[in-house]
Structures are given as C-alpha cells and as structure tokens.
Amino acid sequence: MKATSLDKELEALKVILHVLEPLDETQRSFVVKTATERLSIVGIAPAASGNKDESHAAGTQASARATAVSDINGSIGGETPKQFLKAKLPMTDVQRVACLAFYLTHARNQPQFDTEAITKLNTEALGTRLESVGGG
C-alpha cells in the first residue's frame, strides 16, 4: 500500500513530537526555531495565550520575522540557484522543490510556476534528478 501525503506528514509529525517531548521548553523552542530558519519556513507564529506581555512579544517576533524575510529576499537576489541550494542543503526532493519554489518567488519575482519551471530551475542549479515532481 502506497503511503499518501497525509500519511507521510503524520509520520513526520510523530517523529518530531517523539524527539521534542523529552526536551524542556527552551530546548524545544531552539530546535523548532533553528529548523524553521534552516528550511526557510516563514509565517509560523507562537501559540497565543491571551497574556498581554506574551502577545506583545509575539508581535515583536512577527516583526522580526518580517524583517528577516526582507533580508533573505534582498540577499538571494544575487545568488545563483546553485548557490542558493548549496546554502540551504535540502535533504529530500520535497525540500529541494520548496527551496526552488522560494527562489522562483523571491529571487526571480515569479510567485506562480508549474512543474516545468521547477524542473528547469533544478537543471539550471545542476541539481540531482527530482523523482517526485509531477506526482508521477
């Protein structure tokens, strides 16, 4: 039986929760923050608790993330796709496609693209053949 995308996502979540569970709050925060930065995941906000100080801190963090995204956008403009992938070090085809999509969106100002555009950019970056592109 072939695993569906949801099955893969749930398995990944299970692994993440299992690994993070024994860590304290500070350690968990560090791991999640570092992983999201490493994978160029943006738009993740901390859980709201209703605490005014925490809400202010969340707003400050969101502002800092927006600035960081702005800095990222400015810095990738001069990088080639190959340099960008080398810096991000995607470990799977899914991560590679996400990096290529991010590059198209932010470095080439192309927020809409298809499989052919991703494949072409991957070839330009001298990337390995993508096995999972196109759902085939």
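Throughout, residues of each chain are indexed from 1 in the direction in which the sequence is written. Per-residue local features of the predicted model are confined to residues with pLDDT of at least 70, and side-chain atom pairs are confined, for both listing and counting, to 80 or more; whole-chain, interface and lining totals are unaffected and use all residues. Excluded from the side-chain calculation are hydrogens and water; included are all heavy atoms of the structure.

### Topic: the environment of Val94
Line of reasoning, step 1. A run of H or I in DSSP becomes a helix once it reaches four residues, and a run of E becomes a strand once it reaches two; helices and strands are each numbered from the N terminus. By secondary structure assignment, the location of Val94 is in helix α5 (residues 93-106).
Line of reasoning, step 2. You can call Val94 exposed: its relative accessible area is 62%.
Line of reasoning, step 3. The sequence separation of Val94 and Leu130 amounts to 36 residues, and the corresponding C-alpha distance is 8.9 Å. Exposure categories follow from relative accessible area, calculated using a 1.4 Å probe and restricted to protein chains: below 20% of the type maximum is buried, above 50% is exposed, and the middle band is partly exposed.

### Examining the environment of Thr80
Line of reasoning, step 1. Structurally, Thr80 is set in the loop between α3 (52-76) and α4 (81-88).
Line of reasoning, step 2. For Thr80, a relative accessible area of 35% translates into the label partly exposed.
Line of reasoning, step 3. The spacing of Thr80 and Ala125 is 45 residues in sequence and 7.4 Å in space, taken between C-alpha atoms.

### Regarding the pattern of salt bridges
Line of reasoning, step 1. Salt bridges are counted wherever a side-chain nitrogen of Lys or Arg sits within 4 Å of a carboxyl oxygen of Asp or Glu. A complete count under the given rule lists one salt bridge for this structure.
Line of reasoning, step 2. In this structure, Glu124 and Arg108 form a salt bridge, with 2.6 Å as the shortest nitrogen-oxygen distance. A residue pair is termed long-range when its members are at least 10 positions apart, and Glu124 in helix α6 (residues 115-124) and Arg108 in the loop between α5 and α6 qualify at 16 residues.
Line of reasoning, step 3. Of the residues examined, Glu124 reaches a relative accessible area of 41% and is grouped as partly exposed.

### Points about the packing of α4 against α5
Describing two packed helices takes the angle between their axes plus the distance from one axis to the other.
Line of reasoning, step 1. Between α4 and α5, the shortest axis-to-axis distance is 10 Å and the interhelical angle comes to 130°. One way to sum up the angle between α4 and α5 is to call them oblique. Seen along the crossing, α4 lies across α5 with a hand that is right-handed. Packed against α4, whose contacting residues are Pro81, Phe84, Leu85 and Lys88, the element α5 presents Arg96, Cys99, Leu100, Phe102 and Tyr103 at the interface. Here the axes come from fitting lines to C-alpha atoms, over the contacting stretch only for helices, and the angles between their N-to-C directions go from 0 to 180 degrees. Angles are sorted into four bins: roughly parallel if under 35 degrees, roughly antiparallel if over 145, roughly perpendicular if 65 to 115, and oblique for all others. Note on convention: the crossing is left-handed when the near helix lies turned anticlockwise from the far helix by less than a right angle, right-handed when the turn is clockwise. Residue contacts are defined here by distance: any two heavy atoms, one from each residue, within 4.5 Å place the two residues in contact.

### Some details on unusual backbone geometry
Line of reasoning, step 1. Here the phi dihedral of Leu89 falls at roughly 50°; this positive angle occurs in a residue that is not glycine.
Line of reasoning, step 2. Relative to the helices and strands, Leu89 is located in the loop between α4 and α5.
Line of reasoning, step 3. By relative accessible area, Leu89 is classed as partly exposed at 47%.
Line of reasoning, step 4. The backbone of Asn109 shows a phi angle near 50°, a positive value even though the residue is not glycine.
Line of reasoning, step 5. With respect to the helices and strands, Asn109 occurs in the loop between α5 and α6.

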